[in-house]
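Structural characterization, general
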Amino acid sequence: MSENLVQSVQDMLKEETWTRATISNYTQNNLKELTAIVDEARNQNCVNELLDICNEHLAHSKDSIIALYLSGIFSLQKGGIDNQSLEILVDIFQKNHKESIVNYLCENILADDPNNKFALRTLADSYLADNNEKVWELYTTLVKIDFTEAELAKTLAEHFDAEGNKEQAIEYYKKAILRFINNDNYAACKDIWTKLVQEIPSEIEFFQLLRRKISKKFSELKTTTLMQELYNWYKDNAKWDVAIDILKQNLEVEPKDTWARKELADCYKAKYAGHSHLDEYISSSNLTQNFRNVFEAINDFEKHIAFDKGCFVFHRNWGVGKIAKLEKDTLKINFGKRNGIHDMSLKMAVTALQPLSKDHIWVLKATTSKDELAKKIKADKKWALQTIIKSFDNNCDFKRIKAELVPVILTPGEWTSWNTAAKKLLETDATFGVNPNDINIYMVRENEISPEEKLSNEFKAQKQFFARIDILMKFLNNDLTDKSSELFAEMYSYFTNYLKTITKVNEQVIASYLVVKKLSAMDKQFNFPIRETFAELYSKIENPKAIYNELKDTKNTSLKKDFLDAIKMLPDWNVQYVKLFPTVLDESLIDDLVKGGFTSDVEKLVKTSFESYKDYRETILFFFKNCQNKEWFKSAKVDFEDQLIALINLIELTFREINNHVNSTDNKKINKNATDLLFTDKALFKYLADQDEKTVKKLYTLIDDIPDIDPSYKAQTRNKILEKFPDFKFRVSEEKSSKPKGMLVTAAKLAEKKAELENIQNVLIPQNAKDVADARAKGDLKENAEYKAAKEEQHMLNLSLTKLQEELNRATVFDPTTSTTAIVSFATIVTLEDTETKNTVTYTVLGPWESDPENNIISYMSPIGNAIMDKKVDDTCSFTVNEHKYNYVVKEIKKAKI
């Protein structure tokens, strides 16, 4: 069937070649016939064959209408980005004034590729010439998919403005000015700036964004003229704080600007109208005089103007106070009942006092009852966050927020739930932002900003590469954000820049490739021409395992999986998966290999891992724990005893390396996991229960030869052996249990000590912190008995906490099932006979926590306990207590009930 279609196309090409049908004879019906051939080729699965035929034909007949059309449409449907054939074809018809065919061609192209820029522009030009209203839809699409298109964005803005659609007009004016900045067109920027000042002067955050971009792209000097336009609106509307900030910014660029200095003085006069010393402070600061550094003058004025009757201040010893009177250069300040009224010279006040606004959190704490303030903070988290952040120059991290609330206003328990809700609010509420230079510092904005601006600001403030990817994906997944925004384009370009000139392939290049490919697949507007394939990039990676480890997954990304999926497209993916498995340790890789017919590779990996356990440490742990019942694991035929031996050898190896300070952290983790598999999970004991004495002795000898292994594990193993082989003979050295590492404790006592620790941490220390704060608030710390007592208690609590934490870190719960009466050990009752008097004494041997000498319960770590540990019945022991020497014979050993 396909042979007939191929032959038919070949015949058509030959006929066209020899007859050279004139362009004037072509109609839409001719192209519709070719469209039918395209559809039929797709149905008959011969697209590639016809594409090759057409391309070969074009090599010697470059103006072939049939070949150009079929080649162009086939390439388009295959996802190609080269429009050359279709562009040539359109050009041919345009030159011959076949507008209807041009439109038909463009519509056909857009049916397969709605974002094809060439077809959109060509069709838009045609619609514009015909005054077709559909042109605005095409312009909208072009602006959406082409982040560099500024003129059309401006055209759309003016169109919507003329129609009275202000919201849409402003959206496109914003797009246009951002794009003109990126395109280095300052004149166009200036025109749109003026328009935006007329329309949205209150959106100060957006203008500040533009100011930063213009400063960086053109020059700081150009921003002063633009900001002056904006300043005039804020001055006319008596918004003095913003007006003052704008003038300060301009003065940072032009410190000698006489006009700006005079305007600043006028703004201060308006803001502080009614202050008793306003004119005096402006005059003495020399704010309007160019001979003085303008920022020294500003600092001088703002320090002095903050002190007037009714203003709040903070003193490091007396706390928050309110200025009751200002006479000449003397302040009378009321610091409340505890600290009284103090007189202070204005000169001293400037250096000793910190001015506070009436809304400062410290003022609210001092002037509002604790219960009332706590109720307000719990009920209105947004207000609480805004209040605290603004209290610290509108730059505040979460540690500061917590310090202001806990434990004075909120308890640690209340903070936990409050903290979760507050963080969500900071992330989602558009009135909150982050410092452009530090993602951890929060700010309060005068006006809400768009989701695009909020995420863009977070992106710029974030310095971590993978956290930036997370913000980009958060932008992409947010239903409220405009994906055609220039702000998104800027974020996206951060990653495409990594792919422009690749000298070394590292984790950032690979991550950028994965992100760009993912976005390109989601929407063609994000298409970026990557010069190298993944296979070419992968071939340049020095260490794929290291790259995998360096890739960081986040809340909105799964880069590690994307990396593995990309590797699976390589021709030797099975080889790469086998190499990567010891690093990835994900069974899905094994499943893919088995499904792909590479079971033999998997079996080889299993065998190699246990044979070369030193190089496959984590791998054998993974196999042993998770894969015993998998068919592919069974088919590898690694004997279970050999697996156990590999784990025992791994424990010995890691102990040796730990002692030599080699990769101590990783080795401790591996050592613990291997130990847990053998002893805690009882894999070793279950196996020993079914083996003969020879095998048992072989495995126990391997364990006993490891000097650093916890003696309790050796004791457990011995007990299990004795259960099956009561007459099993251990070497003399093996009968000694040695002193256990850490500190043996009973489960009941451990629970009791943990409860004690929790009480100190969560009850006593918070209560003490409140006592210290309350005592400090009374002032005069030198003579404050309550404060001294609270601080002393704080010291004792911290000592108790430290000691208890250290003991808990050393504590090892004794397993009663390991108890033995073969020797004196933990949890045994020992009867001793004095060799001289023949008197007997009985002791119960437990740990330091359980010790109760009055009831003959001794610690195995005490002098007596240490002397009798490991003794058997009829063994003698000697020890000295309080300069008296004792000699005893062990008469009986019984198990203690615990």
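Look a little higher up for the structure.
The present account deals with the structure reproduced in this document. (Residues numbered from 1 in each chain as written. Predicted model: local features only at pLDDT ≥ 70, side-chain atom pairs only at ≥ 80, totals over all residues. Heavy atoms only, no water.)

Helix and strand counts for the protein chain stand at 45 helices and 14 strands. Radius of gyration (C-alpha) of the protein chain: 41 Å, far over the 29 Å computed for a compact globule of 898 residues. Out of the 898 residues belonging to the protein chain, those deemed buried represent 46%. Carbon and sulfur atoms make up 48% of the accessible area of the protein chain, which amounts to about 46500 Å² in all. Side chains of the protein chain give 125 positive and 138 negative charges; the mean places of these two sets differ by 5 Å. (Helix = DSSP H or I, 4+ residues; strand = E, 2+ residues; numbered from the N terminus. Rg over C-alpha atoms; globule rule 2.2 N^0.38 Å. Buried < 20%, exposed > 50% of the residue type's maximum accessible area, 1.4 Å probe, protein only. Areas by Shrake-Rupley, 256 points an atom, 1.4 Å probe, with all protein chains shown as cover. Lys, Arg positive; Asp, Glu negative; His and termini not counted. Charge placed at Lys NZ, Arg CZ, Asp CG, Glu CD.)

Turning to the side chain of glutamate 453, a few remarks are in order. Relative to the helices and strands, glutamate 453 is located in helix H25 (residues 451-461). Of the side chains bearing the opposite charge, lysine 174 lies closest to the buried glutamate 453, which forms no salt bridge; the N-O distance is 4.3 Å. Glutamate 453 has contacts with Lys174, Glu205, Phe206 and Leu487, leaving out every residue within four places of it along the chain. (Salt bridge = Lys/Arg side-chain N within 4 Å of Asp/Glu carboxyl O. Contact = heavy atoms within 4.5 Å.)

On to the sheet that holds strand S14 (residues 884-895). A sheet is described by the order of its strands in space; here 5 strands give the open sequence S12-S11-S10-S14-S13, paired in mixed fashion. A strand with exactly one partner marks an edge of an open sheet, and here the two such strands are strand S12 (857-859) and strand S13 (876-881). The sheet shows a mean angle of 45 degrees between the axes of neighbouring strands, direction not considered. Sheet analysis places S13 next to S14, joined by 6 bridges and oriented antiparallel. Bridging from a neighbouring strand, threonine 880 pairs with lysine 885 of S14. (Pairing = 2+ DSSP bridges. Axes fitted to C-alpha atoms, helices over the stretch in contact; angles between N-to-C directions.)

Now for the pattern of salt bridges. Tallied over the entire structure, the rule returns 41 salt bridges. The partner of aspartate 91 in a salt bridge is lysine 95, and the shortest N-O contact between them spans 3.1 Å. Taken together, the positions of aspartate 91 and lysine 95, both in helix H5 (residues 84-95) and 4 residues apart, correspond to about one turn of that helix. On the basis of relative accessibility, which here comes to 60%, the residue lysine 95 falls in the exposed class. For aspartate 161, the salt bridge identified is with lysine 166, shortest N-O distance 2.9 Å. A relative accessible area of 18% means that aspartate 161 is categorised as buried. Given a relative accessible area of 38%, lysine 166 falls into the partly exposed group.

Here we take up the nonpolar core. Grouped together as the largest cluster of nonpolar side chains are 117 residues, with contacts concentrated most on Leu50, Tyr69, Leu70, Phe93, Trp193, Leu196 and Phe307. Counting residues in each nonpolar core, the second largest holds 93 residues, with Met473, Ile541, Cys627 and Tyr713 among its members. (Core = buried A, V, L, I, M, F, W, Y, C linked by side-chain atoms within 4.5 Å.)

Moving on: the pairing of strand S1 (residues 312-315). Relative to strand S2 (residues 319-327), S1 runs antiparallel, the two sharing 4 bridges. For phenylalanine 312, the partnering residue across the bridge sits in S2 and is lysine 322. Here S1 hands over to S2 after 3 residues, the two strands then running antiparallel side by side.

Another point: the packing of helix H22 (residues 381-391) against helix H24 (residues 412-428). At a minimum axis separation of 10 Å, H22 and H24 run at an interaxial angle of 75 degrees. One finds that H22 runs roughly perpendicular with respect to H24. Of the residues in H24, those in contact with Lys381, Lys382, Ala384, Leu385 and Ile389 of H22 are Trp418, Ala421, Ala422, Leu425 and Leu426. Within the contact of H22 with H24, the residues separate by chemical class into 8 nonpolar, no polar and 2 charged. (Parallel < 35°, antiparallel > 145°, perpendicular 65-115°, else oblique. Nonpolar A, V, L, I, M, F, W, Y, C, P; charged D, E, K, R; others polar.)

Further remarks concern the side chain of glutamine 462. Structurally, glutamine 462 is set in the loop between H25 and helix H26 (465-477). Polar contacts involving the side chain of glutamine 462 include one to the main-chain amide nitrogen of glutamine 464, which spans 3.0 Å. Each residue touching glutamine 462, except ones within four places of it in the same chain, is listed here: Ile439, Ala467, Arg468 and Ile471. (Polar contact = N/O pair within 3.5 Å; in protein donor to acceptor, adjacent residues only side chain to side chain.)

As a further point, take the sheet that holds strand S5 (residues 354-356). As summarised here, the arrangement of the 5 strands in space is S4-S3-S2-S1-S5, forming an open sheet in which the pairing is antiparallel. Each edge of the open sheet carries a strand with a single partner, namely strand S4 (341-345) and S5. Strand-to-strand twist across the sheet, computed as the mean angle between neighbouring axes with direction ignored, equals 40 degrees. For S1 and S5, the ladder comprises 3 bridges, and the chain directions are antiparallel. Considered in S5, the bridge of phenylalanine 312 is made with leucine 356.

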